[in-house]
Amino acid sequence: MARTRLIAALILTYVAFAMLLNSVGTVILQSISSFGVTKPEASTLEGFKDITIAVVSFATASYLPRFGLRNALIASLVLAIAACIVMPLFGSFAAAQLHFALVGAAFAVAKVVVYSMIGLVTADARHHASLTSLIEGMFMVGVLSSYWVFSAFIDPAGLRWLNAYWVLAGVTALALAILLSAPVEERQAADTGDPEPAEHAPMLAMLRLAALPLVLIFVVCAFVFVLIEQGIGTWLPTFNNEVLHLPAQMSVQAASLFAACIALGRFGAGAVMARFDWYPVLNICLALLAALIILVLPLADGLQPGPIAGWGDAPVAAFLFPLIGFALAPIYPTIISVMLSAMPGRSHPPLMGLVVVFSALGGTTGSIITGALFAHLDGRTAFTLMLVPTAVLAGGLYLLRRRIRAIGP
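By convention here, each chain's residues receive numbers from 1 onward along its written sequence. Confidence filtering applies because this is a predicted model: local features only for residues at pLDDT of at least 70, side-chain atom pairs given and counted only at 80 or more, and all residues used for totals across whole chains, interfaces and linings. Remark: hydrogens and water are excluded; side-chain values derive from all non-hydrogen atoms of the structure.

A closer look at the confidence of the model for the protein chain
The pLDDT value tells you how sure the predictor is about a given residue, anywhere from 0 up to 100. Counting all residues, the mean pLDDT for the protein chain is 82, and 86% of those residues have values of 70 or more. Helix and strand definitions follow DSSP, with helices as H or I runs of at least four residues and strands as E runs of at least two, each counted in order from the N terminus. The element-level mean pLDDT for the protein chain is lowest in helix α8 (residues 195-210), coming to 60, with helix α7 (residues 164-180) highest at 95. Residue contacts are counted whenever heavy atoms from the two residues lie within 4.5 Å of one another. Scored below 50 in pLDDT, residues 191-199 shows seven contacts in the model against residues more than four places distant or in partner chains.

Details of the environment of Ser359
For Ser359, the location among the structural elements is in helix α15 (residues 348-376). Buried means the residue's accessible area, taken with a 1.4 Å probe over protein chains only, is under 20% of the maximum for its type, while exposed means over 50%, and partly exposed covers the values in between. Residue classification places Ser359 among the buried residues on the basis of a relative accessible area of 11%. With 137 residues separating them in the primary sequence, Ser359 and Ala222 have C-alpha atoms 6.1 Å apart. In contact with Ser359, other than residues within four places in its own chain, are Val226 and Tyr332. At 2.5 Å, the side chain of Ser359 and the side chain of Tyr332 are in polar contact. Definition of a polar contact: a pair of N or O atoms within 3.5 Å, with one able to donate and the other able to accept a hydrogen when the atoms are protein atoms, and with sequence-neighbouring residues admitted only if both atoms are side-chain atoms.

Comments concerning the packing of aromatic side chains
Here a pair means two rings of Phe, Tyr or Trp (six-membered ring of Trp) with centres within 6.5 Å. Their orientation is stacked below 30 degrees between planes, edge-to-face above 60, and tilted elsewhere. Applying the stated criterion across every chain, the model contains 13 aromatic pairs. Look at Phe225 and Tyr332: their rings are 5.5 Å apart centre to centre, the planes differ by 20 degrees, and that puts the pair in the stacked class. Of this pair, Phe225 sits in helix α9 (residues 213-242) while Tyr332 sits in helix α14 (residues 331-342), and the two are 107 residues apart along the sequence. On the basis of relative accessible area, Phe225 is assigned to the buried category, the value being 0%. Relative to Phe383, the ring of Phe321 lies with its centre 5.3 Å away and its plane at 10 degrees, an arrangement referred to as stacked. You can see Phe321 sitting in the loop between α12 (317-320) and α13 (324-328) and its partner Phe383 sitting in helix α16 (residues 379-384), a full 62 residues away along the chain. The same class applies to Phe321 and to Phe383, which are both buried.

A short note on the packing of α9 against helix α17 (residues 387-407)
Geometry of a packed helix pair, given as the angle between the helix axes and the separation of the axes. Comment: axis = line fitted to C-alpha atoms, over the contacting stretch for helices; angle = value between 0 and 180 degrees taken between N-to-C directions. Two elements in contact, α9 and α17, have axes separated by 9 Å at closest approach and are oriented at 155 degrees. As summarised for this structure, α9 and α17 are arranged roughly antiparallel, according to the angle between their axes. Between α9 and α17 lies a crossing of left-handed hand. Contacts between α9 and α17 involve Pro213, Leu214, Ile217, Phe218, Cys221, Val224, Phe225, Leu227 and Ile228 on the former and, on the latter, Pro389, Thr390, Val392, Leu393, Gly396, Leu397, Leu399, Leu400, Arg403, Ile404 and Ile407. Under this grouping Gly is polar, as are all residues other than the nonpolar Ala, Val, Leu, Ile, Met, Phe, Trp, Tyr, Cys and Pro and the charged Asp, Glu, Lys and Arg. In terms of residue class, the contact of α9 with α17 is made up of 17 nonpolar, two polar and one charged. In these notes the angle categories are as follows: under 35 degrees is roughly parallel, over 145 is roughly antiparallel, 65 to 115 is roughly perpendicular, and the rest is oblique. In a left-handed crossing the near helix is turned counterclockwise from the far helix by less than a right angle, and in a right-handed crossing that turn is clockwise.

Right, dumping it as structure tokens:
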């Protein structure tokens with residue numbers, strides 16, 4: 001029973017953080033209208049979240065074993081609840097910046113703890129993989145839920161949308177309550193080595209790994225991928241509103257199609273990768289991504305603001321552009337799997353640390369660049385220019401395959 005409660009707490013924790021992290025696109029859209037900030041200013045919200053994740057993730061590995069996994073997860077959930085309360089109580093852009101900084105710090109701790117605790121509640125590799133897949137799948141459920149929770153509170157006038165954070169605080173509090181009722185046996189995860197070397201070893205290991213050509217190519221690929229994914233995902237609600245002229249509520253709901261396509265794509269990617277070599281499959285994905293950008297975005301040309309009462313009035317681009325999620329879905333987990341398979345087991349923890357850091361930096365860079373392009377050019381041009389990092393990623397995958405082949409099986 002205690003094991004079941006702990007698993008439920010881990011799953012609900014990931015759902016809560018998925019909703020909180022994914023709200024940044026909606027908050028950017030609403031901040032522009034509610035707080036009167038510019039698009040470049042609004043794009044900094046991604047940085048408050050992702051840079052905090054990167055910095056805290058880099059440092060957490062040294063201290064979490066001393067603090068205790070359960071205690072660390074409790075602290076992160078409490079911090080996330082505080083972040084939720086800040087938004088409706090203060091209702092300003094500065095509060096939004098503080099909110100995402102707090103959420104980023106909390107998630108950086110929670111991600112490390114959740115992945116560490118999976119090993120405490122599973123008996124073998126098969127069950128470990130099964131629970132990991134379930135938790136990652138539920139993360140996407142949280143992403144989808146976030147769009148619909150916020151859309152239910154969006155009002156053309158006023159700050160009613162901030163009340164959505166009371167719902168998110170409730171979900172996070174429920175995860176905390178379940179965790180508090182579940183005892184955790186942490187002895188097998190305890191750090192029994194010398195405390196002083198262990199404190200600095202993770203950071204040194206990351207730095208040593210980052211200097212290897214193979215790892216450098218890999219982290220650049222991860223960085224560029226997240227730049228594309230977050231650049232599109234974060235600004236899709238604004239694109240729907242300003243370019244496709246959907247009402248704010250429908251703009252947020254339509255963006256959920258992008259998350260749904262990524263979720264479905266990742267559920268199906270496992271079967272595809274089990275039968276085919278990863279490199280041609282990912283090249284097909286990149287070609288599909290480029291084709292959708294080139295073919296669908298022109299459909300947004302010349303659209304004029306008009307009454308859109310329902311989905312039947314929405315332009316076809318609102319339904320076709322989110323299909324990019326299918327093309328993006330397999331790339332990130334596949335390149336991580338390929339790298340972990342190519343590296344010795346002792347390199348996996350620092351390698352995953354680099355993944356978290358560079359992914360966070362890629363998300364921030366993508367959001368800021370896309371926001372600047374939205375402001376100085378237009379939304380369609382901003383998304384069309386995603387062809388540039390797509391080409392860079394194709395080159396990175398080619399170099400990655402060459403390096404992996406060079407080190408042999």
